[in-house]
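Chains, contacts and geometry: an overview
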Amino acid sequence: MRPSGDALDELREAMRRFTTEREWTPFHTPKNLAMALAGEAGELLEHFQWLTPEQSARLPVDTHEAVALEMADVLLYLVRLSDVLGVDLADAAQRKIRINAERYPVELARGRADKYNRL
């Protein structure tokens, strides 16, 4: 399920308020936000470390909830970073999908996990 532009706008505004209320804006530099985003992505990965593909697809309920919250952290830092940099995240994602569609034509990429330059 893809978030609508409105949902992303609401998240952006909520993060702005959250940050402003705590006077954290000076700390929310692109560098700091990118590093925090990478850290949260690492915390997300921890839940999958050492699991088989089958286990990763059938997480226990408590792990599934923890994964959901880590995914939310990743999303929130990404939304905040896009706000600070003035990037329209929904537009950038749509542009990237179009670029990937050109890089990975269906007739060459179907059923393959190869990088576009190896198709």
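In what follows, the structure referred to is the one given above.
All values derive from a computational prediction rather than experimental measurement.

Moving on: the packing of aromatic side chains. The description of an aromatic ring pair uses the distance of the two centres, along with the angle that the planes make with each other. Scanning the entire structure with this criterion turns up 2 aromatic pairs. The interplanar angle of 75° and the centroid separation of 5.5 Å between the aromatic rings of F18 and W24 together place this pair among those described as edge-to-face. Overall, F18 belongs to the partly exposed group, its relative accessible area being 35%. Measuring from ring centre to ring centre gives 5.9 Å for Y104 and Y116, while their planes differ by 85°; the resulting arrangement is edge-to-face. Linking Y104 in the loop between α5 (89-103) and α6 (106-109) with Y116 in the segment after α6, this pair joins segments that are 12 residues apart in sequence.

Taken together, the side chains of K96, R103, K115 and R118 make up a positively charged region of the molecular surface. Position of K115 relative to the elements: it lies in the segment after α6.

The rules behind the values
- Residues numbered from 1 in each chain as written.
- Predicted model: local features only at pLDDT ≥ 70, side-chain atom pairs only at ≥ 80, totals over all residues.
- Heavy atoms only, no water.
- Phe/Tyr/Trp six-rings, centres within 6.5 Å; stacked < 30°, edge-to-face > 60°.
- Buried < 20%, exposed > 50% of the residue type's maximum accessible area, 1.4 Å probe, protein only.
- Helix = DSSP H or I, 4+ residues; strand = E, 2+ residues; numbered from the N terminus.
- Patch = residues over 30% accessible without salt bridge, like charges linked within 9 Å, V, L, I, M, F, W, Y side chains within 5 Å.
- Areas by Shrake-Rupley, 256 points an atom, 1.4 Å probe, with all protein chains shown as cover.
- Salt bridge = Lys/Arg side-chain N within 4 Å of Asp/Glu carboxyl O.
- Lys, Arg positive; Asp, Glu negative; His and termini not counted.
- Charge placed at Lys NZ, Arg CZ, Asp CG, Glu CD.

Interpretation note: all reported values are geometric properties and have no functional meaning in isolation.
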